[in-house]
Amino acid sequence: QVQLVESGGGLVQAGGSLRLSCAASGRTFSTYAMGWFRQAPGKEREFVAAINWSGANTYYADYVKGRFTLSRDNAKNTVYLQMNSLKPEDTAVYYCAADGRGLTLSGLWHEYDYWGQGTQVTVSS
């Protein structure tokens, strides 16, 4: 069982930066691949980024590639999503998720086993 708690969301102007954190409970955190998804009002949940169990491999959606960086610190049971050059279209609730298949980098939300409650990111123009 893994419990996930996101933090770091907020209001930022276009071009600004935010760093989201996802703190996990449970001794098996280091065996999970982790992902971030987002959902804007009236839209479906969409993939943002994923990282494998060790942090050696990452996978990004095209619309955030080059702007967002996903990393993890297994000693702190935490993953970080650094978001730079934010755009108004990045506005959404951001969710972190854990995938028990630690080696796999999935962009499919239904393949993740555990979810956090989400944190709101609002980018003003």
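This is a predicted model, so every value here is computed, not measured.

A few points about the environment of G118
In this fold, G118 is placed in the loop between β10 (114–115) and β11 (119–124). Spatially, the C-alpha atoms of G118 and A98 are 13 Å apart, while their sequence positions differ by 20 residues. Once residues within four sequence positions are removed from consideration, G118 is found in contact with E6, V93, Y94 and Y95.

Observations regarding the pairing of β11
Here β11 shows one buried face, formed by T119, V121 and V123, and one open face, formed by Q120, T122 and S124. Bridge count between strand β2 (residues 10–13) and β11: four bridges; the pairing is parallel. Bridge pairing links L11 to T122 in β11. Bridge count between strand β9 (residues 92–99) and β11: three bridges; the pairing is antiparallel. Bridging across to β11, Y94 finds its partner in T119.

Observations regarding the pattern of salt bridges
Under the definition given, this model contains six salt bridges. Two residues, D62 and K65, come together in a salt bridge whose shortest N-O distance is 3.2 Å. Overlapping salt bridges bring together R38, E46, R67 and D90 as one network.

Basis of the calculations
- Residues numbered from 1 in each chain as written.
- Predicted model: local features only at pLDDT ≥ 70, side-chain atom pairs only at ≥ 80, totals over all residues.
- Heavy atoms only, no water.
- Helix = DSSP H or I, 4+ residues; strand = E, 2+ residues; numbered from the N terminus.
- Contact = heavy atoms within 4.5 Å.
- Buried < 20%, exposed > 50% of the residue type's maximum accessible area, 1.4 Å probe, protein only.
- Pairing = 2+ DSSP bridges.
- Salt bridge = Lys/Arg side-chain N within 4 Å of Asp/Glu carboxyl O.

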